[in-house]
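# Structural characterization, general
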Amino acid sequence: MRLFDTHCHFDFDVFAGDFAAQFQLAKKNGVERIMLPSIGPLNWERLLALSSEYAGLYIAMGMHPYFLNDNSIQTIPILYKQFETPVKHCHAIGECGLDALIDIDYKVQRKVFDAQIELADNLKLPLILHSRKTHN
Ligand SMILES: [Zn+2]
């Protein structure tokens, strides 16, 4: 069976020590491709580096609601700037969305989410959504 893991935070520190071995183990068990959603500027460079180094890794660029703060609105133009030239291996925008169970200003979440919807629409890329208690 051939598998494509469409949502794995494989860049997180827990895998950092033996990333190559973990990725090899996944491949050995049939996982041929993995989509790594980003959390924000904190891991954009790491995702770009990993997807350039390892065939079969794809990335999404975006800003996850968990990692927003009151200054995150100023980061939106920086996210847009990433796409002034095509971003290699980037096939989606995200992880982005809304979360009613975290202590992040909802207006900030909404502005950042709306900007990512617009970016995805402009680029004709899918969104990877995070949504908790905000479906309505
Ligand atoms: Zn996620």
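These remarks concern the structure in this document.

Criteria and thresholds
All residue numbers refer to positions counted from 1 along the written sequence of the respective chain. Thresholds applied to this predicted model are a pLDDT of at least 70 for local features of residues and 80 or more for the giving and counting of side-chain atom pairs; totals over whole chains, interfaces and linings are not thresholded and use all residues. To obtain the side-chain values, all non-hydrogen atoms of the structure were included, while hydrogens and water were left out. Any two strands are treated as partners once DSSP identifies two or more bridges connecting them. Elements are defined by DSSP. Helices are runs of H or I of four residues or more, strands are runs of E of two residues or more, and each kind is numbered from the N terminus. Every axis in this analysis is a line fitted to C-alpha atoms, fitted for helices over the stretch in contact. Angles between the N-to-C directions lie between 0 and 180 degrees. Residue contacts are defined here by distance: any two heavy atoms, one from each residue, within 4.5 Å place the two residues in contact. Coordination here is defined by N, O and S atoms within 2.8 Å of the metal (3.2 Å for Na, K and Ca), and since water is not considered, a site can look incomplete. When accessible area is computed with a 1.4 Å probe and restricted to protein chains, residues below 20% of their type maximum are described as buried, those above 50% as exposed, and intermediate ones as partly exposed. Salt bridge criterion: a side-chain nitrogen from Lys or Arg within 4 Å of a carboxyl oxygen from Asp or Glu. An arc is given here, and it is the one of the directions from the helix axis to the C-beta atoms.

Attention shifts here to the sheet that holds strand β5 (residues 127-132). Taken in spatial order, the five strands of this open sheet run β1-β2-β3-β4-β5, and their pairing is parallel. Each edge of the sheet is formed by a strand with only one pairing partner; in this case those strands are β1 (3-5) and β5. Between one strand axis and the next, the sheet turns by 25 degrees as a mean value, whatever way the strands run. Examined bridge by bridge, β1 and strand β2 (residues 31-37) share three bridges and lie parallel to one another. Paired with F4 across the strands is R33, a residue of β2. Here helix α3 (residues 41-53) sits on the sheet in contact with β2 and β3 (57-61), set at roughly 155 degrees to β3.

A separate point is the coordination of the zinc ion. The zinc ion binds to the protein through H7 (NE2), H9 (NE2) and E95 (OE); the donor distances cover 2.0 to 2.1 Å. Judged by its relative accessible area of 34%, H7 is partly exposed.

Moving on: the pattern of salt bridges. In the structure shown here, the tally under the stated rule is five salt bridges. Note that R132 is salt-bridged to D99, the shortest N-O span being 2.9 Å. Within this pair, whereas R132 is found in strand β5, its partner D99 is found in strand β4 (residues 90-99), the two being separated by 33 residues in sequence. Residue classification places R132 among the partly exposed residues on the basis of a relative accessible area of 30%. The buried category is assigned to D99, whose relative accessible area is 1%.

Sheet faces and side chains relate simply in a regular strand, where the side chains alternate between the two faces. Taken together, the six bridges between β4 and β5 define a ladder with parallel strand orientation. Note on β5: the bridge partner recorded for C96 is L129.

Right, let's talk about unusual backbone geometry for a bit. In the segment running from G94 into E95, the intervening peptide bond is cis, with an omega of 10 degrees. The phi dihedral of H89 falls on the positive side, at around 70 degrees, and the residue is not glycine. A positive phi is found at K124, a non-glycine position, where the angle reads about 60 degrees. Examined against the element boundaries, K124 turns out to sit in the loop between α5 (106-123) and β5.

Take helix α2 (residues 19-28) next. The set of residues buried in α2 consists of F19, F23 and A26. All buried residues of α2 project into a common sector of 55 degrees when viewed along the axis, lining one side. Here the buried face of α2 lies against α1 (13-16), β2, α3 and β3.

Honestly, it's all geometry; don't read function into it.
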